[in-house]
Amino acid sequence: MITAFVFIKTDSKRIPEAAEEISAIPGISEVYSVTGEWDLIAVARVRQHEDLADVVADRLSKVEGVVETTTHIAFRAYSRHDLDAAFSLGLT
């Protein structure tokens, strides 16, 4: 499973509508409105890199109001749950 975070700039008049349309794209698991330089961050979860190209380049970037995207592919996930489990096993 490949996880990617897609930072999205939109036309400010279409942020909620763009977020709804993006969240309906297969392969997008979550969409957040955020503060700062970007308007939205979408989490994509796909099986292969080619699927990511379909989700981001062929679908998400063509949503009305999307102006710019930057995609960051995750290498490894760390969660509090995983860290607690590692400490209890003496792995750290």
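Residues numbered from 1 in each chain as written. Predicted model: local features only at pLDDT ≥ 70, side-chain atom pairs only at ≥ 80, totals over all residues. Heavy atoms only, no water.

*Asks:* I tried to follow the overall build of the protein chain on my own but got confused; where do I start?
*Replies:* Broken down by element type, the protein chain carries 3 helices and 4 strands. When the helices and strands of the protein chain are listed from N to C terminus, the series reads β-α-β-β-α-β-α. Counting all 92 residues of the protein chain, 29% fall into the buried class. Counting contacts in the protein chain only where the partners sit at least 6 residues apart, residues at least 24 apart contribute 66% of the total. As displayed, the protein chain offers around 6300 Å² of accessible surface, 53% of which is attributable to carbon and sulfur atoms. (Helix = DSSP H or I, 4+ residues; strand = E, 2+ residues; numbered from the N terminus. Buried < 20%, exposed > 50% of the residue type's maximum accessible area, 1.4 Å probe, protein only. Contact = heavy atoms within 4.5 Å. Areas by Shrake-Rupley, 256 points an atom, 1.4 Å probe, with all protein chains shown as cover.)

*Asks:* Would you mind going over the packing of aromatic side chains with me for this structure?
*Replies:* All chains considered together, the criterion is met by 1 aromatic pair. Taking 6.0 Å as the distance between ring centres and 70 degrees as the angle between the ring planes, the aromatic pair formed by Phe-7 and Trp-38 counts as edge-to-face. A residue pair is termed long-range when its members are at least 10 positions apart, and Phe-7 in strand β1 (residues 2-10) and Trp-38 in the loop between β2 (28-33) and β3 (40-46) qualify at 31 residues. Taking relative accessible area as the criterion, Phe-7 reaches 22% and is therefore assigned partly exposed. Directly above the ring of Trp-38 sits Lys-9, whose terminal nitrogen or CZ lies 5.1 Å from the centroid. (Phe/Tyr/Trp six-rings, centres within 6.5 Å; stacked < 30°, edge-to-face > 60°. Lys NZ or Arg CZ within 6 Å of the ring centre and 35° of its normal.)

*Asks:* I keep staring at the sheet that holds β3 and nothing clicks. Help me out?
*Replies:* Note on sheets: strands pair through backbone hydrogen bonds, and any given pair is parallel or antiparallel. Strand order in the open sheet made by the 4 strands is β2-β3-β1-β4, with antiparallel pairing throughout. Edge positions in the sheet fall to β2 and β4 (66-73), since each has one partner strand and no second. Across the sheet, the mean angle from the axis of one strand to that of its neighbour is 20 degrees, orientation sign disregarded. Note that β1 and β4 share 7 bridges and pair antiparallel. Bridge pairing links Ile-8 to Thr-69 in β4. Helix α2 (residues 49-59) contacts β1, β2, β3 and β4 of the sheet and is inclined by roughly 160 degrees relative to β4. (Pairing = 2+ DSSP bridges. Axes fitted to C-alpha atoms, helices over the stretch in contact; angles between N-to-C directions.)

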